[in-house]
Amino acid sequence: DTTVKQNPRYKLARVGKPVNLICSQTMNHDTMYWYQKKPNQAPKLLLFYYDKILNREADTFEKFQSSRPNNSFCSLYIGSAGLEYSAMYLCASSTLGDNYAEQFFGPGTRLTVL
Amino acid sequence: QQQVRQSPQSLTVWEGETAILNCSYENSAFDYFPWYQQFPGEGPALLISILSVSDKKEDGRFTIFFNKREKKLSLHIADSQPGDSATYFCAAREMSNYNVLYFGSGTKLTVEP
């Protein structure tokens, strides 16, 4: 099974409210990634977990939080949603130990902030 | 900073034609270039990839041409089929950086029957 699951598929949030997105994989991958995708833009890496170590991109460091309670699950947390957070959020996983390892993507969560 | 650029943004070809999707990059440290295919409602899925030591990679109707000197690559889809209609993302990986991928903004391909 090479499936990455994401919940929910669609999320409506109010400005200023928190948002929590969930990703899961059963491939025993050691690395999980979160991307933000806006229309006509490239998927932008927000952060990733290698095992239990969180790596966040410099320009999104304060905007997004994440947790990985076990190898299979990873969350993306927005403490106070703004209109600019409306986007598709893609989760991916891979095995860092394999050279040129493929990243497997979930179907995404479409977040709309009103 | 956009490290990977794709063109065109959208492309329409007739069934049976060859579709050519272009990609360029800036970082000389990139060593691995996967192309991902995404259908509506699904996540991107790896289609084909190439290492920077190669100049060509074929997989059935899909071929990557790579020019390291010019930092350019292209995906050729021969005998295009309506089922190939999707968005194609070019990506690049920097050696020894946690398999982090930098993506282009994608090319939406439509194959008309």
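In short, a report on the structure. Fair warning: this is a prediction, and the values are worked out from it, not measured in the lab.

This part is about the overall build of chain B. The number of helices and strands found in chain B is 0 helices and 11 strands. Against the 2.2 N^0.38 benchmark of 13 Å for 113 residues, chain B shows a C-alpha radius of gyration of 13 Å, consistent with a compact globule. In terms of overall dimensions, chain B has a C-alpha envelope of 40 × 30 × 20 Å along the principal axes. Out of the 113 residues belonging to chain B, those deemed buried represent 45%. By sequence separation, contacts in chain B at least 24 residues apart represent 54% of the contacts at least 6 residues apart.

Attention shifts here to the environment of Asp31(B). Tracing the chain through its elements places Asp31(B) in strand β4 (residues 30–38). When the C-alpha atoms of Asp31(B) and Ala92(B) are compared, they prove to be 7.3 Å apart, with 61 residues separating the residues in sequence.

This part is about the layout of surface pockets. When its volume is computed, the largest pocket comes out at roughly 650 Å³. Residue lining of the largest pocket: 28 residues in total, with Lys37(A), Arg110(A), Gln38(B), Thr87(B) and Phe89(B) positioned closest to the centre. For the lining of the largest pocket, the secondary structure elements donating two or more residues are β9 (87–94) of chain A together with β9 (86–94) and β11 (107–112) of chain B. For the lining of the largest pocket, the residue count by class is 10 nonpolar, 12 polar and 6 charged.

Here we come to the pairing of strand β11 (residues 109–113) of chain A. All names here are of chain A. Side-chain alternation along β11 places Thr-109, Leu-111 and Val-113 on a buried face and Arg-110 and Thr-112 on a face that remains uncovered. Pairing of strand β2 (residues 10–13) with β11 involves 4 bridges; the strand directions are parallel. Across the sheet, residue Lys-11 finds its bridge partner in β11, namely Leu-111. Pairing of β9 with β11, which is carried by 3 bridges, proceeds in the antiparallel orientation. Counted as the bridge partner of Met-88 is Arg-110 from β11.

Let us now look at the interface of chain B and chain A. With 20 residues of chain B in contact, the opposing surface of chain A contributes 22 residues. Together, the buried faces of chain B and chain A total about 1,800 Å²; carbon and sulfur atoms form 61% of this surface. Taken together, the connections running from chain B to chain A amount to 0 salt bridges. Joining chain B to chain A, the criterion identifies 5 residue pairs in polar contact (both at pLDDT 80 or more). Contributing elements (two or more residues each) for the side of chain B that touches chain A: β4, β5 (45–51), β9 and β10 (101–103) of chain B. A total of 3 residues in the side of chain B that touches chain A trace back to one element, the largest contributor, which is β4(B).

What follows deals with the pattern of salt bridges. Here the structure, examined in full by the defined rule, presents 6 salt bridges over all chains. Close ionic contact of Asp59(A) with Lys44(A) constitutes a salt bridge, the shortest N to O distance being 2.6 Å. Of the two residues, Asp59(A) sits in the loop between β6 (53–56) and β7 (65–70) while Lys44(A) sits in strand β5 (residues 44–50), which places them 15 residues apart along the sequence. For Asp59(A), a relative accessible area of 49% corresponds to the partly exposed category. A salt bridge links Arg5(B) to Glu26(B); its shortest N-O distance comes to 3.8 Å. Taken together, the residues span a long stretch of sequence, with Arg5(B) in strand β1 (residues 4–7) and Glu26(B) in the loop between β3 (19–25) and β4 at a distance of 21 residues. On the basis of relative accessible area, Arg5(B) is assigned to the partly exposed category, the value being 46%.

Below, the discussion takes up the sheet that holds strand β6 (residues 56–59) of chain B. All names here are of chain B. Spatially, the 5 strands line up as an open sheet ordered β1-β3-β8-β7-β6, and their pairing is antiparallel. Bordering the open sheet on either side are β1 and β6, each of which pairs with just one other strand. Taken over all neighbouring pairs, the strand axes of this sheet differ in orientation by 15° on average, direction set aside. Here β1 pairs with β3 via 4 bridges, running antiparallel. Bridge pairing links Gln-6 to Cys-23 in β3.

What counts and how
Residues numbered from 1 in each chain as written. Chains lettered and ligands numbered in written order. Predicted model: local features only at pLDDT ≥ 70, side-chain atom pairs only at ≥ 80, totals over all residues. Heavy atoms only, no water. Helix = DSSP H or I, 4+ residues; strand = E, 2+ residues; numbered from the N terminus. Rg over C-alpha atoms; globule rule 2.2 N^0.38 Å. Buried < 20%, exposed > 50% of the residue type's maximum accessible area, 1.4 Å probe, protein only. Contact = heavy atoms within 4.5 Å. 1 Å grid on protein atoms, 1.4 Å probe; cavity = no way out; pocket = protein on both sides within 12 Å on 5 of 7 lines; lining within 4 Å. Points joined across faces, edges and corners; volume = space filled by probe spheres on them. Nonpolar A, V, L, I, M, F, W, Y, C, P; charged D, E, K, R; others polar. Pairing = 2+ DSSP bridges. Buried area = accessible area lost by both parts, 1.4 Å probe. Salt bridge = Lys/Arg side-chain N within 4 Å of Asp/Glu carboxyl O. Polar contact = N/O pair within 3.5 Å; in protein donor to acceptor, adjacent residues only side chain to side chain. Axes fitted to C-alpha atoms, helices over the stretch in contact; angles between N-to-C directions.

Function cannot be inferred from these measures alone, as they are strictly geometric.
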